[in-house]
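As a plain string of letters, each chain reads:
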Amino acid sequence: MRKARNGTGFMKLVDGILKGDRLCLARSMTLVENGDPEGDRILLGIFPRVGRAFRLGITGPPGCGKSTLIRALAQSLSASGKTIGVVAVDPSSPFTGGALLGDRIRMNQVAMDRNLFIRSMASRGSFGGLSTTSQSVADLLDAFGRDYIIYETVGVGQTEIEIADAADTTVVVLSPESGDGIQAMKAGLMEIADILVINKADREGVDRLALELDMALQMRPGCGGGWEVPVLRTVASRDEGIGDLLCRIEEHRGLLGRMGLLAERRESKMRKRIRLAAENLFRKKVMETVGEDVWRARVSEVLAGRSTPAFAAEEIVNVILPAAGSGGEARRK
Ligand SMILES: Nc1nc2c(ncn2[C@@H]2O[C@H](COP(=O)(O)OP(=O)(O)OP(=O)(O)O)[C@@H](O)[C@H]2O)c(=O)[nH]1
Ligand SMILES: [Mg+2]
């Protein structure tokens, strides 16, 4: 990666991505994931070409069959000549192992498929925030020319839900096995779903879960454009229900386009994304700029009763944003 560091290498990587070079794409993803400044330059270089891909978020509880479902969707899309990029965030059963290990033929098909590019991202140690980074990785895939970008995230935890929600269409997957319905409602998954899928429909409890979901949907406000969230059934491990799911995804996409909702959604999601990036940047600046002496002084003042945590925080903020200084000093006793 020495070339990329000398300040001109990133242009080669940008060029490579735009020409469809997989190695340049993979290298750029690593730079972006590591928070390397070259990664930012690459993103700036490719951004004029970002926005063509359709982004699909797939989320749901651990083990409900997300990877299996994505494999089936991707194979079907690929068979019709589409190109797909998958961003799998902290997959406990990654595409290269787990779900697909027991299924060697399919695994080889997936690995050999030029229409498919899969990137697994660890959630730990992600520089600048997982949500921001995974979307930047998706931007690279977008500029690379993928028709579809599919995010896989486990539907527990705010960040993971944010990632799925950043997509154009969000599919929430549940399985009848683990009392997923109530969990999903608690986790806020119902609010972000454009399409609900009951996977493992070959298992018991499907009808009960479907009923629960129907009831929960009735309580949810509509998602705009007259879209009624469908509850579909799939057996991803046997490729059942995949065609229907793809049809519904296309239907939702068509509706977003017709009603002008796609641009609107992308705008509000971009606003969220920039806000998150700003928050991450700010957090980073707090850690980098505020020296140990400042921390120590503020902590002892609060512990001695001469200030409060809120005023101490304000003074810390003022260290970073001197222009925003608003008299924290004066407020201290
Ligand atoms: N019976 C049945 N098993 C399935 C189905 N879909 C997936 N599985 C199995 O369920 C297990 C988990 O599938 P994954 O695709 O890894 O699930 P996941 O949601 O990606 O799991 P995590 O990424 O670990 O959260 C695997 O053993 C799959 O073979 C299905 O429709 N029916
Ligand atoms: Mg998985």
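Our subject is the structure listed above.
Residues numbered from 1 in each chain as written. Chains lettered and ligands numbered in written order. Predicted model: local features only at pLDDT ≥ 70, side-chain atom pairs only at ≥ 80, totals over all residues. Heavy atoms only, no water.

*Asks:* Which parts of the structure should I look at to understand the nonpolar core?
*Replies:* Nonpolar side chains tend to gather and get buried jointly when the protein is soluble and globular. Among the nonpolar cores identified, the biggest contains 45 residues, and V171, L196, L245 and I249 are the most heavily contacted of them. Look past the residues within four positions of V171 in its chain and what remains in contact with it is L56, G57, I58, T59, I195, V197, L245 and I249. Judged by nonpolar contacts, the second largest core, of 28 residues, contains I17, I46, F117 and A138. (Core = buried A, V, L, I, M, F, W, Y, C linked by side-chain atoms within 4.5 Å. Buried < 20%, exposed > 50% of the residue type's maximum accessible area, 1.4 Å probe, protein only. Contact = heavy atoms within 4.5 Å.)

*Asks:* How do you make sense of the coordination of the magnesium ion (ligand 2) when you look at a structure like this?
*Replies:* A metal bound by six donors in octahedral fashion has ideal angles of 90 or 180 degrees, whereas one bound by four tetrahedral donors has an ideal angle of 109.5 degrees. The magnesium ion (ligand 2) binds to the protein through S67 (OG) and E152 (OE), with metal-donor distances spanning 2.1 to 2.2 Å. One end of the pair, S67, is in helix α5 (residues 66-79); the other, E152, is in strand β4 (residues 148-154), and 85 residues separate them in sequence. A relative accessible area of 6% means that S67 is categorised as buried. On the basis of relative accessibility, which here comes to 6%, the residue E152 falls in the buried class. (Donors = N, O, S within 2.8 Å, 3.2 Å for Na, K, Ca; no water. Helix = DSSP H or I, 4+ residues; strand = E, 2+ residues; numbered from the N terminus.)

*Asks:* Please clarify how the environment of A193 should be interpreted in this entry.
*Replies:* Summarising the element assignment, A193 is placed in the loop between α11 (189-192) and β6 (195-198). Separated by 36 residues in the primary sequence, A193 and V229 have C-alpha atoms spaced 7.3 Å apart.

*Asks:* Quick question: what am I supposed to make of the packing of aromatic side chains here?
*Replies:* Any two aromatic rings considered together are summarised by their centre-to-centre distance and by the angle between their planes. Inspection of every chain in the model, using the stated rule, returns 2 aromatic pairs. The positively charged end of R41 is found above the aromatic ring belonging to F10, 5.8 Å away from the centroid. (Phe/Tyr/Trp six-rings, centres within 6.5 Å; stacked < 30°, edge-to-face > 60°. Lys NZ or Arg CZ within 6 Å of the ring centre and 35° of its normal.)

*Asks:* How should the sheet that holds strand β3 (residues 116-121) be read in this particular structure?
*Replies:* With parallel pairing, 7 strands are arranged side by side in an open sheet as β3-β2-β4-β1-β5-β6-β7. Sheet topology places β3 and β7 (231-233) at the edges, where each strand pairs with a single neighbour. Neighbour-to-neighbour, the strand axes of this sheet turn through a mean angle of 20 degrees, independent of strand direction. Both strand β1 (residues 54-60) and strand β5 (residues 169-174) contribute to a ladder of 4 bridges, which runs parallel. Looking across to β5, one finds that T59 is bridged to V172. (Pairing = 2+ DSSP bridges. Axes fitted to C-alpha atoms, helices over the stretch in contact; angles between N-to-C directions.)

*Asks:* What's the story with the pairing of β4 in this structure? I'm lost.
*Replies:* Remark: a regular strand shows side chains that alternate across the two faces of the sheet. Within β4, 7 of the 7 residues are buried, which leaves it mostly tucked inside the rest of the structure. The side-chain alternation of β4 yields two buried faces, one formed by Y148, I150, E152 and V154 and the other by I149, Y151 and T153. Sheet topology places β1 next to β4; 7 bridges connect them, and they run parallel. Among the inter-strand pairings, F54 is bridged to a residue of β4, identified as Y148. Across 5 bridges, strand β2 (residues 84-89) lies against β4 in parallel orientation. Note on β4: the bridge partner recorded for A88 is E152.

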